[in-house]
Amino acid sequence: MCLTPEALRLLEGRGEEEAEKVLLALRGKEFIVTQELVRRVLEPAPEVQEEGRMELSHTSFKPLAAEVEARVEVLRDVTGKSYSRGEVKDFLNLFLDRYERLRGLLRERSDYADALPLRELRGMEEGELVRVVGMVAERRETAGGHLLIRLEDPTGQAAVWVFRGKSEELMEKAAEVVPDEVIGVEGTVRSGDKLPRIVARDIVWPDLPVRAAANRAEEPVCAVLISDLHVGSKMFLRGTFEKFLSWLEGKVGKASQRDMASRTKYLVVAGDLVDGIGIYPQQEEELYLDDIFQQYEEVARLLERVPDYIKIILAPGNHDAVRPSEPQPAIPREVGGRLYDLNSVMVGNPAWVSLHGVKFLIYHGRSFDDLASTLPGEGRNEVSSMMIRLLKKRHLAPMYGGKVAVVPEERDFLVIDEVPDVLHCGHIHISGLGKYKKVWAVNSGTFQGMTSYMRERGIVPTPGRVTVMDLQKNHPWVIDFA
Ligand code: FE
Ligand code: ZN
């Protein structure tokens, strides 16, 4: 019996026990052992469970979505529009742009329409009530347990005091303030020494406006949301992913699930298609493909099985082969290769995409790392609540100088200056679903098992959970392929 190089590579990534299982199963039966044969032993025919028994579908599958024309519009994305040279003045412009646009959103609230420039606080009378909009330069707890927030705007600075024991609600709000975001503060002026001072009575975020209704598709089509495949990693769950592909092909699933598959017109992947190379220390030990081109080739081979009437939207994540600083342009053709030959639309991170008139904001989610380490009680497990905070802050990566590196483009692409219908993120490998002011916040989980990185940090992934958005009904469903 002899193994093809691909089969050998697959086995090498699996450890002794599984390799032995494969060799025992095939010995004496097969002369040439291909990758396909190895896979068949390791991951027997995909089936989806229905009421406790395994069922393969035998009825015919009629893809309704094949009769509907795709309506994809990339509304905004940095791809092809990156002009930054990364100079200091570019960063100043970036923050000015962020400030101006978020202040614009805050001013849409009637009470903040005439917010004062910080410069005007000087010379105001003690005790006068003011509203200001500023960028948070610093937030710290003082020795007395009060919170001090230093605000900046293009005209000056102010020190905002949040006194402990005055209002629980205000204290909680103040605890959610993060550096570099733009907030509105209502309070009374205190004559100060150097900086003008405000004693806070309320803190507000730009937030989402109240909307009558979300956008819906006219046709009964669905978008399937996934992310974080990490192809190339030994922990990539190929069997689970293939089961997912079989479902898209209409081969498995109970009636309601097959109905969703038949109406699926879009597949959106929110980054981390591959595990990449040199992303974290000793990564080589956890890779079964240590060549970035092969990793993308493998992704293309898998996605080839996606029925050709489905548009595939591919955005990058921090493991993909594009600049890691945000905004990230699309995975380039030189490395993405055959991904460009599929029925695909390559977009950047973040990207605003309209699918059948439903507005998606796709963002991989790197900023969750910074938020989780700064905000109180903001564990990775409350995925959707973190996404809702971003919606309230109207910014995808409010904190500067953490894990998220920023490219100072002429405008801040990470400002959420419009209202999406769906915010689709990944990155934390935990699927989650939330809704805030008629916006769905979907974290599409992963197809990667537990990595050593996650084990060390006590993160439990939820692989194989796929979110299906019914674009006509504006309703999501989660199917578990694990
Ligand atoms: Fe990931
Ligand atoms: Zn990621």
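Rules used in this analysis
Residues numbered from 1 in each chain as written. Chains lettered and ligands numbered in written order. Predicted model: local features only at pLDDT ≥ 70, side-chain atom pairs only at ≥ 80, totals over all residues. Heavy atoms only, no water. Helix = DSSP H or I, 4+ residues; strand = E, 2+ residues; numbered from the N terminus. Buried < 20%, exposed > 50% of the residue type's maximum accessible area, 1.4 Å probe, protein only. Contact = heavy atoms within 4.5 Å. Polar contact = N/O pair within 3.5 Å; in protein donor to acceptor, adjacent residues only side chain to side chain. Pairing = 2+ DSSP bridges. Axes fitted to C-alpha atoms, helices over the stretch in contact; angles between N-to-C directions. Donors = N, O, S within 2.8 Å, 3.2 Å for Na, K, Ca; no water. Tetrahedral: all angles 85-135°; square planar, octahedral: opposite > 155°, others 65-115°.

### Section: the environment of arginine 103
Next up, step 1: Inspection of the secondary structure assignment puts arginine 103 in helix 4 (residues 88-107).
Next up, step 2: Arginine 103 sits in the partly exposed class, given a relative accessible area of 24%.
Next up, step 3: Dropping the residues within four chain positions of it, arginine 103 is found in contact with Val133 and Val182.
Next up, step 4: Side-chain polar atoms of arginine 103 contact the side chain of glutamate 100, separated by 3.1 Å.

### Here's the deal with the sheet that holds strand 19 (residues 439-444)
Next up, step 1: On the basis of which strands lie adjacent, the open sheet formed by 6 strands has the order 5-15-16-17-19-18 and mixed pairing. Looking along the sheet, the strands with just one partner apiece sit at the ends: strand 5 (72-77) and strand 18 (431-436). Between one strand axis and the next, the sheet turns through 20 degrees on average, direction left out of account.
Next up, step 2: For strand 15 (residues 351-355) and strand 16 (residues 358-362), the ladder comprises 5 bridges, and the chain directions are antiparallel. Considered in strand 16, the bridge of leucine 355 is made with valine 358.

### Notes on the coordination of the zinc ion (ligand 2)
Next up, step 1: Summarising the metal site, the zinc ion (ligand 2) is bound by the protein donors Asp272 (OD), Asn318 (OD1), His364 (NE2) and His427 (ND1), whose distances to it range over 2.0 to 2.2 Å.
Next up, step 2: For the zinc ion (ligand 2), the 4 donor atoms in the first shell make angles of 87 to 164 degrees at the metal, a pattern classed as irregular.
Next up, step 3: Between the two metals, the zinc ion (ligand 2) and the iron ion (ligand 1), the spacing is 3.2 Å, and aspartate 272 donates to both. Separated by 46 residues along the polypeptide, asparagine 318 in the loop between strand 13 (311-315) and helix 9 (333-336) and histidine 364 in the loop between strand 16 and helix 10 (367-374) bring together distant segments of the chain. Note on accessibility: asparagine 318 and histidine 364 belong to one class, buried.

### Thoughts on the coordination of the iron ion (ligand 1)
Under ideal tetrahedral coordination, the four donors around a metal are separated by 109.5 degrees; under ideal octahedral coordination, the six donors are separated by 90 or 180 degrees.
Next up, step 1: Protein coordination of the iron ion (ligand 1) is provided by Asp228 (OD), His230 (NE2), Asp272 (OD) and His429 (NE2), with donor distances spanning 1.9 to 2.3 Å.
Next up, step 2: All donors of the iron ion (ligand 1) come from a single chain, and their spacing in sequence reads D-x1-H-x41-D-x156-H.

### What to know about unusual backbone geometry
Next up, step 1: Here glutamate 326 and proline 327 are connected by a cis peptide whose omega angle stands at 0 degrees.
Next up, step 2: Tracing the sequence through the fold places proline 327 in the loop between strand 13 and helix 9.
Next up, step 3: Looking along the chain, the bond that leaves asparagine 349 and enters proline 350 is cis, with omega of 0 degrees.
Next up, step 4: Mapped onto the fold, proline 350 is located in the loop between strand 14 (344-346) and strand 15.
Next up, step 5: Although it is not a glycine, aspartate 180 adopts a positive phi angle of roughly 75 degrees.
Next up, step 6: Inspection of the secondary structure puts aspartate 180 in the loop between helix 5 (168-175) and strand 9 (182-190).
Next up, step 7: Judged by relative accessible area, aspartate 180 falls into the buried class, the value being 15%.

### A word on the environment of valine 269
Next up, step 1: Tracing the backbone through its elements, the reader meets valine 269 in strand 12 (residues 264-270).
Next up, step 2: Residue valine 269 is classed as buried on the basis of its relative accessible area of 1%.
Next up, step 3: Residues valine 269 and serine 444, spaced 175 residues apart in sequence, show a C-alpha to C-alpha distance of 8.7 Å.
Next up, step 4: Excluding residues within four positions of it along the chain, valine 269 makes contact with Ile226, Ser227, Leu229, Ile313, Leu314 and Ala315.

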